[in-house]
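Listed here are the chains, written in short residue letters.
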Amino acid sequence: MPRKVPKRRPKLAVWKFSSCDGCQLSLLDCEDELLAVADAVEIAYFLEATRVAIHGPYDVSLVEGSISTPHDAERIRRIRARSKVLITIGACATAGGIQALRNFRDVDGFVRAVYARPDFIDTLATSTAIRDHVTVDFELHGCPISKSQLLEVLNAFLNGRRPVVPPHSQCIECKLHGTVCVMVARGVPCLGPVTQAGCGNLCPRFARGCYGCFGPKETPNTAALAKQLTALGWRDADIANAFRSFNADAEAFRREADANAPLPPPAGEGGARAKGVGG
Amino acid sequence: MERTAPTTGRSALPEAAILDREGLDALIAALRGDGYAVIGPRLRDGAIVLDPVESADDLSWGLIDEQDGGRYRLVPGDAQTAFSHTVGPQSWKRHLYPPRQTLWTGRRDGRGFTVETPADPVPHHAFLGVRACDLAAMAVQDRVFGVAPHEGRSAGQERFTDSGYAARRAAAFIVAVNCGRAGGTCFCDSMGAGPKAAGGYDLALTELPGCGTPAFLAEAGSATGAALLARLPGHAAGPQDRAAADASVEQARAHMGRAMVPDAGPLLARNLEHPRWAEVAARCLSCANCTMVCPTCFCTTVEDTTDLSGDHVERWRRWDSCFTVDFSYIHGGAIRQSGLSRYRQWMTHKLSSWWEQFGTSGCTGCGRCITWCPVGIDITEEARAIHDSEGRG
Ligand code: SF4
Ligand code: SF4
Ligand code: SF4
Ligand code: SF4
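A short tour of the structure in this document, coming up.

Criteria and cut-off values
Residues numbered from 1 in each chain as written. Chains lettered and ligands numbered in written order. Predicted model: local features only at pLDDT ≥ 70, side-chain atom pairs only at ≥ 80, totals over all residues. Heavy atoms only, no water. Helix = DSSP H or I, 4+ residues; strand = E, 2+ residues; numbered from the N terminus. Buried < 20%, exposed > 50% of the residue type's maximum accessible area, 1.4 Å probe, protein only. Contact = heavy atoms within 4.5 Å. Areas by Shrake-Rupley, 256 points an atom, 1.4 Å probe, with all protein chains shown as cover. Patch = residues over 30% accessible without salt bridge, like charges linked within 9 Å, V, L, I, M, F, W, Y side chains within 5 Å. Salt bridge = Lys/Arg side-chain N within 4 Å of Asp/Glu carboxyl O. Arc of directions from axis to C-beta. Buried area = accessible area lost by both parts, 1.4 Å probe. Polar contact = N/O pair within 3.5 Å; in protein donor to acceptor, adjacent residues only side chain to side chain. Nonpolar A, V, L, I, M, F, W, Y, C, P; charged D, E, K, R; others polar. Pairing = 2+ DSSP bridges. Phe/Tyr/Trp six-rings, centres within 6.5 Å; stacked < 30°, edge-to-face > 60°. Lys NZ or Arg CZ within 6 Å of the ring centre and 35° of its normal. Near = heavy atom within 4 Å. Axes fitted to C-alpha atoms, helices over the stretch in contact; angles between N-to-C directions.

Glancing now at the overall build of chain A. When helices and strands are tallied, chain A shows twelve helices and five strands. Counting only residues that meet the buried cut, chain A has 53% of its 279 residues in that class. Excluding contacts between residues fewer than 6 apart, the proportion of contacts in chain A whose partners are at least 24 apart in sequence is 74%. When the accessible surface of chain A is summed, it comes to about 12500 Å², and 57% of that surface belongs to carbon and sulfur atoms.

Our next topic: a nonpolar patch on the surface. Residue and element names in this part refer to chain A. There is a patch of nonpolar side chains on the surface, built from Phe 110, Val 114, Tyr 115, Phe 120 and Ile 121 and spanning about 510 Å² of accessible area. Relative to the helices and strands, Ile 121 resides in the loop between α5 (107-114) and β5 (138-140). What makes Ile 121 partly exposed here is its relative accessible area of 31%.

Within the structure shown, the criterion is met by 40 salt bridges over all chains. Two residues, Asp 21 of chain A and Lys 16 of chain A, come together in a salt bridge whose shortest N-O distance is 2.7 Å. Glu 250 of chain B is paired through a salt bridge with Arg 253 of chain B; the nearest N and O atoms lie 3.1 Å apart. With Glu 250 of chain B and Arg 253 of chain B both in helix α7 (residues 239-254), this residue pair falls three residues apart, about one helical turn. Ionic contacts of the salt-bridge type, sharing partners, join the residues Arg 276, Glu 279, Arg 283, Glu 381 and Glu 382 of chain B into one network.

What follows concerns helix α11 (residues 236-243) of chain A. The periodicity of an α-helix, 3.6 residues per turn, causes residues three or four positions apart to be oriented the same way. Residues and elements named next belong to chain A. Three or more residues of α11 are buried, namely Ile 239, Ala 240, Ala 242 and Phe 243. Taken around the axis of α11, the buried residues stretch over an arc of 160°, which confines them to a single face. Turning to α11, the residues buried within the fold contact α10 (222-231) and α12 (251-260).

With 39 residues of chain A at the contact, the number on the chain B side is 51 residues. When the buried area of chain A at its contact with chain B is split by residue, Lys 175, Leu 176 and Val 184 of chain A rank highest and sum to 20% of it. Counting across the interface, chain A meets chain B through two salt bridges. One salt bridge in this structure joins Arg 162 of chain A and Asp 326 of chain B, with 3.5 Å as the shortest N-O distance. The interface formed by chain A and chain B contains 24 residue pairs in polar contact (both at pLDDT 80 or more). The leading source of residues in the side of chain A that touches chain B is helix α7 (residues 170-177) of chain A, at six residues. When its residues are assigned to classes, the side of chain A that touches chain B shows 20 nonpolar, ten polar and nine charged.

Successive residues of a regular strand alternate their side chains across the two faces of the sheet. Residues and elements named next belong to chain B. Relative to strand β14 (residues 312-319), strand β6 (residues 100-109) is paired through seven bridges, and the arrangement is antiparallel. Note on β14: the bridge partner recorded for Gly 106 is Val 313. Taken together, the five bridges between β6 and strand β7 (residues 112-116) define a ladder with antiparallel strand orientation. By the bridge assignment for β7, Asp 109 is matched with Gly 112. Adjacent in sequence and paired antiparallel, β6 and β7 are bridged by two residues, among which Gly 110 carries a positive phi angle near 65°.

Per the counting criterion, the structure on display carries 15 aromatic pairs over all chains. On the numbers, 4.5 Å between centres and 45° between planes, the contact of Tyr 97 of chain B with Phe 145 of chain B is tilted. Linking Tyr 97 of chain B in the loop between α2 (93-96) and β6 with Phe 145 of chain B in the loop between α3 (132-144) and α4 (163-171), this pair joins segments that are 48 residues apart in sequence. Here Tyr 97 of chain B matches Phe 145 of chain B in class, with each residue buried. Chaining the aromatic ring pairs together yields one cluster made of Trp 277, Phe 323, Tyr 343 and Trp 346 of chain B. Over the aromatic face of Phe 17 of chain A sits the side chain of Arg 75 of chain A, whose NZ or CZ is 4.3 Å from the ring centroid. The lysine or arginine in question, Arg 21 of chain B, covers the ring of Trp 61 of chain B, its NZ or CZ lying 4.1 Å from the ring centre.

Right, let's talk about the site of ligand 1 for a bit. The immediate surroundings of ligand 1 are formed by Gln 170, Cys 171, Cys 174, Lys 175, Cys 181, Val 182, Met 183, Cys 190, Gly 192, Pro 193 and Pro 204 of chain A together with Asn 289 of chain B. Residues lining ligand 1 come from chains A and B. Elements that contribute at least two residues to the shell around ligand 1 include exactly α7 and α8 (182-186) of chain A. By residue number, the principal contributor to the shell around ligand 1 is α7 of chain A, which donates four residues. Tallied by class, residues from the shell around ligand 1 come to eight nonpolar, three polar and one charged.

This part is about the sheet that holds β14 of chain B. All names here are of chain B. Spatial strand order, β7-β6-β14-β13: four strands in an open sheet with antiparallel pairing. The open sheet terminates on both sides in strands that have one partner only, identified here as β7 and β13 (300-306). Across the sheet, the axes of successive neighbouring strands diverge by a mean angle of 20°, strand direction being ignored. Where β13 meets β14, seven bridges bridge the pair, whose relative direction is antiparallel. Each residue of the ladder has a partner; that of Thr 301, found in β14, is Arg 318.

No statement about biological role is implied by the geometric values presented.
Now the structure itself:
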């Protein structure tokens with residue numbers, strides 16, 4: 001088979017938007033594999049190193065974080081224009097993150113309540129996924145992402161193949177691992193049946209229900225799960241709260257939360273919901 | 001494999017004996033001594049799973065499993081019984097047909113590449129506590145994987161035997177257990193698959209309850225089983241022991257938690273557009289738990305991995321399910337987009353098209369898919385709803 005990988009090492013950039021850095025750190029967390037990664041790609045920009053201007057072009061851009069300021073919205077367009085492949089990593093970049101909770105409320109109210117000098121704050125009314133602003137080539141879910149999936153995506157890109165990141169349920173992960181179902185055997189509410197696999201089966205292995213960190217799976221039937229959560233003793237508000245977490249603004253989770261506990265319309269003029277495309 | 005229906009007694013070896021708790025312990029010790037890794041039903045994380053056991057102490061003494069749609073709980077039962085529970089979330093396919101298997105590995109070699117198939121040693125498992133429904137499921141998978149001939153549409157499959165499955169299957173020693181108690185979701189009787197093991201085992205145990213102390217009727221089903229039985233400390237079984245064992249199995253038969261309507265295969269085949277499919281699809285999570293726990297479901301997908309340099313590749317086979325979208329992906333897209341089409345695929349395959357394909361039912365009535373469905377969707381209830389609607393004309 002002729003060697004497909006180009007001789008020149010591909011240039012990799014890692015970008016940060018509104019986020020906690022946890023996903024980028026997964027890359028540094030790849031201790032055993034980091035040298036191999038550094039060997040295979042030229043790490044051209046990594047926030048943890050230095051703040052440089054957006055030069056490029058880059059072969060791969062990994063983007064962490066959501067778009068929450070006018071400056072973000074402008075910056076992601078420039079990054080997209082300089083990236084051959086753009087991969088978003090984590091719940092912030094793929095669904096707006098926990099900070100997307102503000103999408104459902106009056107942001108001006110928050111700003112006035114939290115900051116001594118609200119006039120210093122320049123923010124959008126919403127925190128939205130990167131996909132709502134530019135074309136994205138691949139989305140890696142998770143809060144935080146799994147380092148093995150991150151390596152798999154880089155690896156697949158370097159070798160010109162499709163990443164093995166199945167969009168199926170967390171339940172399949174439980175069964176492959178031989179984990180006993182906490183919902184059936186203990187009556188513990190679990191979001192696994194509507195959540196995408198990928199975390200490595202963290203919570204059910206320790207007798208906890210899945211918190212939905214990896215966001216909606218393909219074709220999630222959240223309404224059917226909500227009925228079962230009710231049968232297990234959850235109130236509507238509990239169900240809404242469970243769906244309003246790291247992936248609160250992922251469409252399926254947002255709709256299910258709203259169906260169980262509709263939110264009051266945002267007060268004040270600044271609270272108008274400015275949803276991005278496809279959000 | 002020379003395993004047959006229960007032996008005829010022509011052999012000089014004992015064909016049946018009564019074992020007590022020490023006898024059961026001696027059975028496990030003898031199997032371990034013969035080089036088998038013994039896998040049996042033991043308690044883990046609130047359920048009875050199939051894990052390695054080292055002695056009779058590891059078994060699930062005095063535990064009963066309450067099972068219903070989407071619900072499983074262990075409660076105390078008769079402390080002198082080791083097998084009064086029924087089947088748990090795992091089936092033996094986990095050991096005969098592991099969730100992940102390496103198919104081959106490749107290494108770049110100049111301008112070409114070399115392919116190697118992994119030469120993993122075949123595990124010698126002794127399966128302790130295989131219920132009739134799961135023995136029947138093994139016989140079903142024997143057809144699927146080309147180990148046993150059959151008359152179905154995919155006849156001739158034995159020319160394409162899955163060598164890994166065949167090797168693990170041939171190496172396994174099987175200790176069946178005839179059920180003395182049926183679970184809340186069991187319906188093997190209406191599938192003709194239980195509750196008494198009909199053959200395909202080396203030894204079969206029937207627990208004799210009410211003796212005050214543990215007692216098991218042990219019957220040999222193969223020459224290997226008879227030879228092993230001869231080495232165990234037990235006493236000869238009399239007609240009254242056999243009668244007690246039969247009564248115990250009849251007790252299970254009389255208390256099946258569920259039943260399948262007759263002729264479910266043709267029933268489903270003529271009702272592919274029934275409105276019930278949409279109703280069940282509205283409840284179904286397409287989570288795939290039912291296919292993962294089913295002892296006959298055999299579907300897998302292929303995953304390729306590479307190292308960063310691309311010099312080393314691996315091809316893996318992983319359990320997959322007709323409930324995933326990618327499962328039906330063909331050129332241009334997935335053909336089973338709706339939950340309805342996916343649920344219908346699963347249920348009609350189990351009960352109907354399996355007959356055409358492999359000349360048998362794909363369901364043995366173990367009830368796992370009912371218990372381990374997080375929302376308790378019940379294959380017997382779905383079949384009955386369609387059946388009853390026909391009755392209403
Ligand atoms: S524990 Fe949760 S994720 Fe795992 S099988 Fe049960 S419902 Fe699914
Ligand atoms: S379809 Fe359900 S009841 Fe039938 S064998 Fe499979 S898991 Fe058991
Ligand atoms: S029911 Fe689905 S997963 Fe099971 S064997 Fe059939 S197609 Fe495969
Ligand atoms: S029938 Fe139950 S276990 Fe099967 S996919 Fe649907 S919800 Fe999951």
